[in-house]
Amino acid sequence: MTRWGMAIDTDRCTGCGACVVACHAENNIQTVGEEEARNGRAMHWMRIERHYEGVFPDVRIRFMPVLCQHCAAAPCEPVCPVYATYRNPEGLNAMVYSRCIGTRYCANNCPYSVRFFNWHGGEWPEPLQLQLNPDVAVRPAGVMEKCTFCVQRIQDVKGRARSEDRPVLDGEIRTACAQSCPAQAIVFGDLEDPTSRVAQLARSDRAERLLGDLGTNPSVIYLKGGE
Amino acid sequence: MAGEATWLHAVFSSSADARDAVRKLAEAKIAAKDVEIRSSVPLGELPPLGSELRTRVPLTALCGGLVGGTAAFMLVSLSSMAYPLPTGGMAIVPMPPAAIVTFEGVAMGAVLSVVATVLIEGGLLRLRGRPGPFDRQLADGGIVVSVRSRAVPPAGWASNAVATEL
Amino acid sequence: MSAPSKGREDVLFRPLSGVRPGLVACTILAAMLAGVLWFCWGYQIRYDIGVAGINRPVFWGLYIATFVFWIGISHAGTLISAILRVTSAEWRRPVTRCAEAITVFALMIGGLFPLIHLGRPWLFWYMVPLPNHRGLWPNFRSPLAWDMMAIFTYLSGSILYFLLPMIPDLAILRDRAVAEDRGRFRARLYRLLALGWRGTPQQWFSLEGGIKAMAVIVIPVAVSVHTIVSWDFAMTMQPMWHSTIFGPYFVAGAIHSGIAVLLVAMYVLRRVLKVGDYLTDQVFSNLGLLSLTFALIWGYFTFAEHLPVWYAREPSETAILLQRVSGDYAAAFWAMVILNVVVPLGVLSFPRGRRPVGTLFVGLCVLVGMWIERYLIVVGSLRFPRLDFTLGSYQPTWVELGILAGSFGMFALMYLLFMQLAPVVSIWEVREGEQHASRVGGGVEPEPHPVVPHPLGKRA
């Protein structure tokens, strides 16, 4: 069995935002513009949250990249009346865009607020449409969307490994955010494989999960506490 | 109007008068199928004409509820098991939601079967609009008792009637 | 023919023949207001759901608040009329029909709102359990799926419960229309709707049994509907939604708003159709007392809902509570408390306040108050999600407000059509009540069984 997971080292994160841009480019995420962003409709499957530690003048800003946590017991899944979001056998919390009717119930039940609704459909004026990733669907207006753990890259690597008759190697799959992180704070891999880097990091003393006490059992592990 | 002529109609202004007429008919051993009583309000107790009034509403409501509930439960369980999705350790057919949907199925089945029973027992939906001469008085609260003429009703059965017509 | 009712009933038949210019004018106005709803919805479908003000994290807004509001109002009729029927409350007789009509129309409108709210409403049938070649079924674990089943059951049940006792009245209308040979349209309509009703003892017996049974079945269904609506919220992890009291709290609120609409509708009927002989001061007073009761129950639930949150000081819930009682929503919150509890208490506690004008005033106040309650629950909670990085704001757009206004137009339109097509007071039930009264009061009844036996009991 496989369970895809991610470890994010917040001690390494500089808050540069490269992962956010990479995610936009990889996953055909629309940019909504100033006005819509002000209305609370900005779309970033991966977003960087800031929080401040300490009291002035001894203040430190910490950054926390937040994306879909791909919970093993995902609160968003049972509330969808049409199975548009479901758990796939490799531990991904998958979205079936063509099935989504837009009740937005899943987003209300997501404690991490990582689900984004497509309010108007994207626009890519000439020649920007040429940069669209052909491996990723462009979502129409009225559906929910969110981080997929770059499922297209997972599929790609799995296909290549199968054609070469070998297992997928650890570190072979890199999500767009992990690939573009200059501080190398993001590690992607199989949590069920005890030798993988992500599984080792998940066992570290610094590992914690976001809102872990809710019992959602996320697949994203945050590393925090060192200097 | 051949069918019309075979009925004797009498319209009464009070339920007591109508009751009286029905009692006379019953004493003369007129069969229930030869008498038709019509009113715009429920009359309550009437002298027996040899047949009992009965309704199967409670029984059909129960049966309809059972059928509806079973159907709803099967819908929930079979459709979930037709393609069981991984749920992160949660049940494929969890009982509380199944119970909720089953409850609605019970109610739906019961409601539909009650209405169907009323329609069937009352011979409704046939829309056989056989008008009588006293329909207007009926609408105003009169009680119309009609007897088939071949049943030979006793003389004076409609002596208290407001109006009669052969 | 029961003499006292003769001239009195004319007032019921008057709007049911010919055309009354005043009512027609009102109907056209209501239709225009209803048109606003369809225009706005069309605009929203054409230019995407984004024309509404909802956003992240306020994914549900005015549409869902108004959905809960209308579904709540639907508890006026069927539930109240069923309870009064089951308990054989005599004063129910003139009220049941106009109350059940409210249920049917409010449910139709309420059921529209989840569709309006969908991102892709043309695909709503994905929620309907239709056999299909892909083997895809709705997810019955979702409260929305329960909701749809419950509303469908309640709507079907209410329509049938509304029409079943109307059959004898429709037959009366049919016989009158045929005899007077005017209004060919009406004669044809009533002949069709009366289903060939003749009024034989067997038909009455089955009908009364059916009505009793329906009343018993429909009460738990009505309770389940608003409980499940509340579970749409209570099943989530959203702070201030995840509350065990929501089921009974919503049901109490629903009945509270339902009685309010019933009081307003009865007042309008009394003024417009002059049916004061039927909808008497006593009826208003009785419903006023019922309203008072539910104001107290609702007030108690509101207190019981908020007190533990305040006491426990759980951060994510306390943030929402403080916004509600002393922050952004303080004005709305306290207005809601005043409109829903203080005003009913102040007015309805006194016999003078329970006159029709007083109950009308309370009805209008409670209506506004209950709408605010739903808005606060939906928007006031969603703005503050558990991860407080994502605080939100929400402002309804003209599309949403237009649809809200249009829904009232829809309701007025349907109610006006009902007033012109069916008697607003159940004629046969009132006649039957008069018979009872004369029997019990006059004591001239020579019959052995002066009381009509229970229709479900056997009789020879």
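Residues numbered from 1 in each chain as written. Chains lettered and ligands numbered in written order. Predicted model: local features only at pLDDT ≥ 70, side-chain atom pairs only at ≥ 80, totals over all residues. Heavy atoms only, no water.

Take the overall build of chain B next. The secondary structure content of chain B amounts to five helices and four strands. When the helices and strands of chain B are placed in sequence order, the string is α-β-α-β-α-α-α-β-β. Here chain B holds 166 residues, and the buried ones make up 51% of them. Within chain B, counting contacts between residues at least 6 apart in sequence, those at least 24 apart form 83% of the total. (Helix = DSSP H or I, 4+ residues; strand = E, 2+ residues; numbered from the N terminus. Buried < 20%, exposed > 50% of the residue type's maximum accessible area, 1.4 Å probe, protein only. Contact = heavy atoms within 4.5 Å.)

Across the boundary between the two partners, chain B contributes 59 residues, which contact 63 residues of chain C. In total, about 5700 Å² of surface goes out of reach between chain B and chain C, with carbon and sulfur atoms giving 66% of it. At the junction of chain B and chain C, the tally comes to two salt bridges. Across the pair C:R176 and B:D140 runs a salt bridge whose closest N-O atoms are separated by 3.6 Å. Elements supplying a minimum of two residues to the side of chain B that touches chain C: α2 (15-27), β2 (35-38), α3 (57-82), α4 (95-121) and α5 (135-139) of chain B. The biggest single contributor to the side of chain B that touches chain C is α4(B), with 15 residues. Per-class residue counts for the side of chain B that touches chain C are 32 nonpolar, 13 polar and 14 charged. (Buried area = accessible area lost by both parts, 1.4 Å probe. Salt bridge = Lys/Arg side-chain N within 4 Å of Asp/Glu carboxyl O. Nonpolar A, V, L, I, M, F, W, Y, C, P; charged D, E, K, R; others polar.)

Let us look at the packing of helix α11 (residues 281-312) of chain C against helix α14 (residues 356-382) of chain C. Residues and elements named next belong to chain C. Relative to each other, α11 and α14 sit at 30°, their axes nearing to 10 Å. One element, α11, and the other, α14, form an angle in the roughly parallel class. In the packing of α11 onto α14, the handedness of the crossing is left-handed. On α14, the residues that touch D281, F284, G288, S291 and W298 of α11 are P356, T359, V362, M370 and E373. Taken together, the residues that form the contact of α11 with α14 break down as five nonpolar, three polar and two charged. (Axes fitted to C-alpha atoms, helices over the stretch in contact; angles between N-to-C directions. Parallel < 35°, antiparallel > 145°, perpendicular 65-115°, else oblique. Left-handed = near helix turned anticlockwise from the far one by under 90°.)

A few words now on the sheet that holds strand β1 (residues 4-9) of chain A. Residues and elements named next belong to chain A. Reading across from one edge, β8-β1-β10-β9 is the order of the four strands in this open sheet, with mixed pairing throughout. A strand with exactly one partner marks an edge of an open sheet, and here the two such strands are β8 (186-190) and β9 (207-208). Relative to strand β10 (residues 220-223), β9 runs antiparallel, the two sharing two bridges. Within β10, the position partnered with E208 by the bridge is Y222. (Pairing = 2+ DSSP bridges.)

On to the state of the cysteines. Taken as a whole, this structure holds zero disulfides over all chains when the rule is applied. Looking at A:C19, it has no disulfide partner, and the nearest cysteine sulfur is the one in A:C16, 6.3 Å off. (Disulfide = S-S within 2.5 Å.)

Once that is clear, we can look at the pairing of strand β3 (residues 60-66) of chain A. Residue and element names in this part refer to chain A. Within β3, five of the seven residues are buried, which leaves it mostly tucked inside the rest of the structure. Pairing between strand β2 (residues 47-53) and β3: seven bridges, direction antiparallel. Note on β3: the bridge partner recorded for I48 is P65.

The next thing to look at is the pairing of β2(B). Residue and element names in this part refer to chain B. The alternating pattern of β2 places V35 and I37 on one face and E36 and R38 on the opposite face, and all of these are buried. Pairing of β2 with strand β3 (residues 143-148), which is carried by four bridges, proceeds in the antiparallel orientation. Bridging from a neighbouring strand, R38 pairs with V144 of β3.

Contact with chain C, which involves 44 residues of that partner, is made by 45 residues of chain A. Across the interface of chain C and chain A, roughly 3700 Å² is buried in total on both sides, 58% from carbon and sulfur atoms. Counting the surface chain C buries against chain A, the share from its top three residues, C:R56, C:F59 and C:R120, is 20%. Our count for the contact surface shared by chain C and chain A stands at zero salt bridges. Taken together, the connections running from chain C to chain A amount to 25 residue pairs in polar contact (both at pLDDT 80 or more). For the side of chain C that touches chain A, the elements supplying multiple residues, two or more each, are α6 (143-163) and α9 (201-234) of chain C. In the side of chain C that touches chain A, the residues fall into 27 nonpolar, 10 polar and seven charged. (Polar contact = N/O pair within 3.5 Å; in protein donor to acceptor, adjacent residues only side chain to side chain.)

Inspection of the entire model under this criterion finds 38 aromatic pairs over all chains. Relative to C:F162, the ring of C:F105 lies with its centre 6.5 Å away and its plane at 75°, an arrangement referred to as edge-to-face. Of the two residues, C:F105 is situated in helix α5 (residues 96-117) and C:F162 in helix α6; the sequence distance between them amounts to 57 residues. The two residues C:F105 and C:F162 agree in class, both being buried. An aromatic cluster of three or more residues is present, and its members are A:Y105, C:W60, C:F233, C:W241, C:F246, C:Y249, C:F250, C:W298, C:Y300 and C:F301. In this structure, A:R104 is placed above the aromatic ring of A:F117, and the distance from its NZ or CZ to the ring centre is 4.9 Å. A cation sits over an aromatic face here: C:R46 above C:Y47, 4.7 Å from the ring centre. (Phe/Tyr/Trp six-rings, centres within 6.5 Å; stacked < 30°, edge-to-face > 60°. Lys NZ or Arg CZ within 6 Å of the ring centre and 35° of its normal.)

In an α-helix there are 3.6 residues to a turn, and that puts residues three or four apart on one side. Residues and elements named next belong to chain C. Most of helix α4 (residues 77-86) sits out of view: eight of its 10 residues are buried. Within the sequence span of α4, burial applies to G77, T78, L79, I80, S81, A82, L84 and R85. Of the residues one or two after α4, S88 is the one with positive phi, at around 55°.

In a structure, side chains of opposite charge can pair up when their charged atoms sit close to one another. A complete count under the given rule lists 30 salt bridges over all chains for this structure. Salt-bridge contacts for B:D20 lead to B:K24; the nearest nitrogen and oxygen are separated by 3.8 Å. Here B:D20 and its partner B:K24 are both found in helix α2, four residues apart, which amounts to about one turn of the helix. Taking the relative accessible area as the measure of exposure, B:K24 reaches 25% and is therefore partly exposed. With a closest N to O distance of 3.7 Å, C:E429 and C:R92 form a salt bridge. Of this pair, C:E429 sits in helix α16 (residues 427-442) while C:R92 sits in the loop between α4 and α5, and the two are 337 residues apart along the sequence. Each member of the pair, C:E429 together with C:R92, is buried. Salt bridges linked by common partners bring A:D9, A:D11, A:R12, A:E53, A:R62, A:R206 and A:K224 together as one network.

All names here are of chain B. If you walk across this open sheet you meet the four strands as β2-β3-β1-β4, and the pairing is antiparallel. Every other strand in the sheet has two partners, leaving β2 and β4 (163-165) as the edge strands with one partner each. Neighbour-to-neighbour, the strand axes of the sheet open up by a mean angle of 15°, direction not taken into account. Sheet strands touched by α2: β1 (7-12), β2 and β3. Its angle to β3, the strand with the most contacts, is close to 15°.

Splitting chain B by domain gives domain 1 (6-41 + 141-165) and domain 2 (57-121). Spacing between the C-alpha centres of domain 1 of chain B and domain 2 of chain B amounts to 47 Å. (Domains from an automatic or database assignment.)

This part covers the nonpolar core. With 228 residues, the main nonpolar core has A:F149 and C:Y415 as its most contacted residues. For this core, the element with the highest residue contribution is helix α10 (residues 246-273) of chain C, accounting for 17 residues. Not counting residues within four places of it along the chain, the set of residues in contact with C:Y415 comprises C:C98, C:A101, C:I102, C:F105, C:A265 and C:L269. Counting 19 residues, the second-largest nonpolar core is a separate cluster that includes B:A10, B:L25, B:A151 and B:A158. (Core = buried A, V, L, I, M, F, W, Y, C linked by side-chain atoms within 4.5 Å.)

Further remarks concern the confidence of the model for chain B. Residue and element names in this part refer to chain B. Within chain B, residue pLDDT values average 82, and 89% of them lie at 70 or more. Looking at the elements of chain B, mean pLDDT is at its lowest for helix α1 (residues 2-5), recorded as 47, and at its highest for α4, recorded as 93. Scored by ipTM, the complex comes to 0.92, with pTM at 0.92. (pLDDT = per-residue confidence, 0-100.)

All right, on to a nonpolar patch on the surface then. Residue and element names in this part refer to chain A. Where nonpolar side chains cluster on the molecular surface, the patch consists of Y52, V55, F56, V59 and I61 and spans about 580 Å² of accessible area. For F56, the position within the fold is in the loop between β2 and β3. According to the relative accessible area criterion, F56 is exposed, its value standing at 72%. (Patch = residues over 30% accessible without salt bridge, like charges linked within 9 Å, V, L, I, M, F, W, Y side chains within 5 Å. Areas by Shrake-Rupley, 256 points an atom, 1.4 Å probe, with all protein chains shown as cover.)

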